[in-house]
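Here are the chains, one letter per residue:
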Amino acid sequence: MKIEQAQRQQAGEIARLIMTAMNEECCQYFAGPAHTLADFEAMMTTLCARDDSQYSYLNTLVAIDEEHGKVAGVCVSYDGALLHTLRKAFLEEVWNYCEMDHSGMDDETQAGELYIDSLCVDKAYRGQGIATRLLEATVEKARRMQIKEVGLLVDHGNPQAEKLYRRVGFTYQNDAAWGGHPMRHLVKHVL
């Protein structure tokens, strides 16, 4: 398994894994009642192929199964100071594809933090330490960018994910809410 910078041509695989991380209910919320998950997947693929999106391949590390040439996992992260700039692409595309206005969304990150937006390993590859390797590579990315903290939100209802993050060195910062769900903001100091 090789961890590397994503490429534009992997946008479809990245989008599928981001949607798995988001979960079906969340994806349908963003798509709205008049649109399908297929509509949302087409939109996410477009966002992953763009250079100016929070979900861009440029913000994504991938775990590659070299034997099969398949994306086994993704970790999408970006400088929290750029949230509003990067979110513009999402707001534009969700309107273009789904005619939904999500401009009132809460901020999930802030300046001074490399924010992990999405982490997902394909079901066929789980239990092999890939998520840990993606997290470790993301911490190294923060060091290279000279960002002092790596942060993420974890749903209160996902203790397995929180256990993974704590094992890698993330600690509780504060409670948060995003998309109507109670979340825990975890951080790892890297500099």
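Residues numbered from 1 in each chain as written. Predicted model: local features only at pLDDT ≥ 70, side-chain atom pairs only at ≥ 80, totals over all residues. Heavy atoms only, no water.

> Please explain the sheet that holds strand S3 (residues 70-79) as it appears in this structure.
Two orientations exist for strands paired in a sheet by backbone hydrogen bonds: parallel and antiparallel. Here we have 7 strands laid out as an open sheet, ordered S1-S2-S3-S4-S5-S7-S6, and mixed in their pairing. The sheet is open, and its two edges are formed by strand S1 (2-5) and strand S6 (171-178), each paired on a single side. Across the sheet, the mean angle separating the axes of adjacent strands is 30° when strand polarity is ignored. Relative to strand S5 (residues 149-155), strand S4 (residues 113-121) is paired through 3 bridges, and the arrangement is parallel. Bridge pairing in S5 places Leu114 opposite Val150. With respect to the sheet, helix H5 (residues 130-145) is in contact with S1, strand S2 (60-65), S3, S4, S5 and strand S7 (181-189), its orientation differing from that of S4 by roughly 160°. Here helix H6 (residues 159-167) sits on the sheet in contact with S4, S5, S6 and S7, set at roughly 10° to S7. (Pairing = 2+ DSSP bridges. Helix = DSSP H or I, 4+ residues; strand = E, 2+ residues; numbered from the N terminus. Axes fitted to C-alpha atoms, helices over the stretch in contact; angles between N-to-C directions. Contact = heavy atoms within 4.5 Å.)

> Help me understand the packing of aromatic side chains, please; the structure alone is not making it clear to me.
Remark: the centre distance and the inter-plane angle together describe each pair of aromatic rings, the angle taken between the planes. Tallied over the entire structure, the rule returns 5 aromatic pairs. With a centroid separation of 5.2 Å and 65° between ring planes, the pair formed by Tyr29 and Phe30 is classed as edge-to-face. Exposure remark for Tyr29: the relative accessible area of 52% places this residue in the exposed category. Residue Phe30 is classed as buried on the basis of its relative accessible area, which comes to 3%. Counting every residue linked through ring pairs, the aromatic cluster contains Tyr29, Phe30, Tyr55 and Phe90. (Phe/Tyr/Trp six-rings, centres within 6.5 Å; stacked < 30°, edge-to-face > 60°. Buried < 20%, exposed > 50% of the residue type's maximum accessible area, 1.4 Å probe, protein only.)

> Sorry if this is basic, but what is going on with the environment of Gly112 here?
Tracing the backbone shows Gly112 in the loop between helix H4 (83-98) and S4. Taking C-alpha positions, Gly112 is 6.8 Å from Ala81, a pair spaced 31 residues apart along the chain. Dropping the residues within four chain positions of it, Gly112 is found in contact with Ile147, Lys148 and Glu149.

> Can you help me understand unusual backbone geometry in this one?
Trans is the prevailing form of peptide bonds, just as negative phi is the prevailing case for residues other than glycine. Even without being a glycine, Asn23 presents a positive backbone phi close to 85°. Summarising the element assignment, Asn23 is placed in the loop between helix H1 (11-22) and helix H2 (24-31). What makes Asn23 partly exposed here is its relative accessible area of 36%. Although it is not a glycine, Glu99 sits at a positive phi angle of roughly 55°. For Glu99, the location among the structural elements is in the loop between H4 and S4.

> Is there a simple way to explain the pattern of salt bridges in this structure?
Close approach of charged atoms lets side chains of opposite charge pair. For the structure shown, the criterion picks out 12 salt bridges. Across the salt bridge formed by Glu140 and Arg143, the nearest N and O atoms sit 2.4 Å from each other. With Glu140 and Arg143 both in helix H5 and 3 residues apart, the pair spans about one turn of that helix. The partner of Arg184 in a salt bridge is Glu162, with the nearest N and O atoms 3.0 Å apart. A residue pair is termed long-range when its members are at least 10 positions apart, and Arg184 in strand S7 and Glu162 in helix H6 qualify at 22 residues. Among the residues examined, Glu162 registers a relative accessible area of 12% and is labelled buried. Through salt bridges that share partners, Arg50, Asp52, Glu92 and Glu93 make up one connected network. (Salt bridge = Lys/Arg side-chain N within 4 Å of Asp/Glu carboxyl O.)

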